[in-house]
Amino acid sequence: MKTLSGLTQAEIEQITDELNASKFRARQIHNWIYLKSVSSIDEMTDLSVKFREELKQVAKVSDVKIKVKQVSSDGTLKYLLEYPDGECVETVLMRFDNRANLTACVSSQVGCAVNCSFCATGKRGFIRNLTYKEIIEQVLTIQRDTGLKVTNVVFMGQGEPLLNTDNVLNAMKIFNEDFQIGARRLTVSTSGIVPQINRLADLDMQSTLAISLHAPNHEIRRKLMQIENKYPMDELKKAMLNYVNKTGRRITIEYLLISGLNDTVESAKELAYYLNDIKCNINLIPYNSTEKNDYKKPSNNAIMKFKYLLEHSGKKVTVRLERGADIDAACGQLRGKVTQTSSEQS
Ligand code: SAH
Ligand code: SF4
């Protein structure tokens, strides 16, 4: 039994060939899956009843289950999805003031090996990579459930996308070609896996690259992110410069603000100096308390002061709004994941 979600046009044609149907049938099925987001083969009403019965013998639409769905008063939807092997990931759909934009925040792995000190996902360790089909199933599930078309995708759910790069790139190709989502409306967020950033640069990636920097210097970053010991900030900077140089694209810098730790005036100045020659926008993320640790979100005053200091250095700075604040977010980071990032950039 094949699962239609995640198949390319050519793969669907293999199925229709086996059923002795035309390539046009494959095109129709493809549209039902990606553009009209049906939940069952019976909904593919421009296929004959007879052909639908034949198709049902060999294929089904999806094998992903919605385990939990939460709706926030600001319109954010959060799903816990279950794959056939019982593993679950979270996927979030955010709406912005500009109603035309619907951003899906997808997971790339079950768990994460990077283990940043502030992140709920990292605490659980790494379980497994998601296949590209499992990644795109997240967006298809949202589309099927809401009847809406996702316009932007950000890889900011569970997992480190650049430790599963092949599947992430494959999923992005399908988002681009089959979902018809523009490359620039796709954002990959990474904790800074230097060799893989260089790989994206060589591929001349036209999607948005977001770097989770979170610190102005090596000492502070080491405390927050173990990955700093493997790929320190000076190497990360070289990779960012190479990326901008090869792709011509502006990078998004994500900076988690934690009270007293990385939100001081010195930190702002040091950060501005580090980013000085990098073509980037900065997205400040007030820390979301989700863990049993001592980190606290800075006051609004401190956030605005930090923003002001960075803006003074000539960068464009946004503060990430908290989304879905009233729905329980078991996975710390999925809460508050905004992202003007991908909708704003061009
Ligand atoms: N592994 C990738 C992508 C997933 S995390 C990465 O780290 O970039 C997506 C974003 O959520 C990252 O910027 C991460 O730092 C942030 N995040 C994690 N925990 C958070 C928390 N408790 N509060 C706010 N943002 C958090
Ligand atoms: Fe992994 Fe990103 Fe969480 Fe760090 S912040 S543990 S890289 S998911």
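Everything below is about the structure shown above.
The text that follows walks through the structure, step by step, so that each part is easy to find. (Residues numbered from 1 in each chain as written. Chains lettered and ligands numbered in written order. Predicted model: local features only at pLDDT ≥ 70, side-chain atom pairs only at ≥ 80, totals over all residues. Heavy atoms only, no water.)

On to the pattern of salt bridges, then. In total, this model carries 18 salt bridges according to the counting rule given. A salt bridge links E82 to K65; the shortest N-O distance between them is 3.4 Å. On the criterion of sequence distance, the pair formed by E82 in strand β4 (residues 77–82) and K65 in strand β3 (residues 65–71) is long-range, its members being 17 residues apart. By relative accessible area, E82 is classed as buried at 14%. Given a relative accessible area of 53%, K65 falls into the exposed group. Here D277 makes a salt bridge to K237, at a shortest N to O gap of 3.0 Å. Residue D277 is located in the loop between α11 (265–275) and β13 (280–286), and its partner K237 is located in helix α10 (residues 233–247); the two are separated by 40 residues in the primary sequence. Judged by relative accessible area, which is 48%, D277 ranks as partly exposed. Residue classification places K237 among the buried residues on the basis of a relative accessible area of 17%. (Salt bridge = Lys/Arg side-chain N within 4 Å of Asp/Glu carboxyl O. Helix = DSSP H or I, 4+ residues; strand = E, 2+ residues; numbered from the N terminus. Buried < 20%, exposed > 50% of the residue type's maximum accessible area, 1.4 Å probe, protein only.)

A few words on the pairing of strand β9 (residues 152–155). The alternating pattern of β9 places N152 and V154 on one face and V153 and F155 on the opposite face, and all of these are buried. With three bridges connecting them, strand β6 (residues 102–105) and β9 associate as parallel partners. Bridge pairing in β9 links C105 to V154. Bridging between β9 and strand β10 (residues 186–190) involves three bridges; their strand directions are parallel. Paired with F155 across the two strands is V188, which belongs to β10. In terms of handedness, the path from β9 via helix α6 (residues 165–177) over to β10 forms a crossover that is right-handed. (Pairing = 2+ DSSP bridges. Right-handed = clockwise from strand over helix to strand, strands pointing away.)

The next thing to look at is the nonpolar core. Formed by 99 residues in total, the largest nonpolar core has its most connected members in M44, L55, F155 and F175. Both domains that meet at this core, namely domain 1 (2–60) and domain 2 (65–345), each give it at least three residues. The contact partners of M44, leaving out residues within four places of it in the chain, are L4, I29, W32, I33, V38, R52, L55 and V61. Of all hydrophobic cores here, the second largest spans six residues; its members include M94, C105, M156 and A210. (Core = buried A, V, L, I, M, F, W, Y, C linked by side-chain atoms within 4.5 Å. Domains from an automatic or database assignment. Contact = heavy atoms within 4.5 Å.)

In this section: the sheet that holds strand β14 (residues 316–319). Pairing within the open sheet is mixed, and its 10 strands lie in the order β3-β4-β5-β6-β9-β10-β11-β12-β13-β14. Bordering the open sheet on either side are β3 and β14, each of which pairs with just one other strand. Across the sheet, the axes of successive neighbouring strands diverge by a mean angle of 20°, strand direction being ignored. Of the strands in this sheet, β9 and β10 are in contact with α6, which crosses β9 at around 175°. (Axes fitted to C-alpha atoms, helices over the stretch in contact; angles between N-to-C directions.)

What follows covers the packing of aromatic side chains. In total, this model carries five aromatic pairs according to the counting rule given. Residues Y34 and F179 carry aromatic rings whose centres are separated by 5.0 Å and whose planes lie at 75° to one another, so their mutual orientation is edge-to-face. Here Y34, found in helix α2 (residues 23–34), pairs with F179, found in the loop between α6 and β10; they are 145 residues apart in sequence, far enough to count as distant. Of the two residues, Y34 and F179, both sit in the buried class. Both rings, one in Y287 and one in Y295, keep their centres 5.7 Å apart while their planes meet at 90°; by these two values the pair is edge-to-face. Ring pairing ties together the aromatic residues Y34, F155, F175 and F179, which thus form one cluster. Its end group placed over the ring of W32, K36 keeps NZ or CZ at 3.8 Å from the ring centre. Its end group placed over the ring of Y274, K237 keeps NZ or CZ at 5.3 Å from the ring centre. (Phe/Tyr/Trp six-rings, centres within 6.5 Å; stacked < 30°, edge-to-face > 60°. Lys NZ or Arg CZ within 6 Å of the ring centre and 35° of its normal.)

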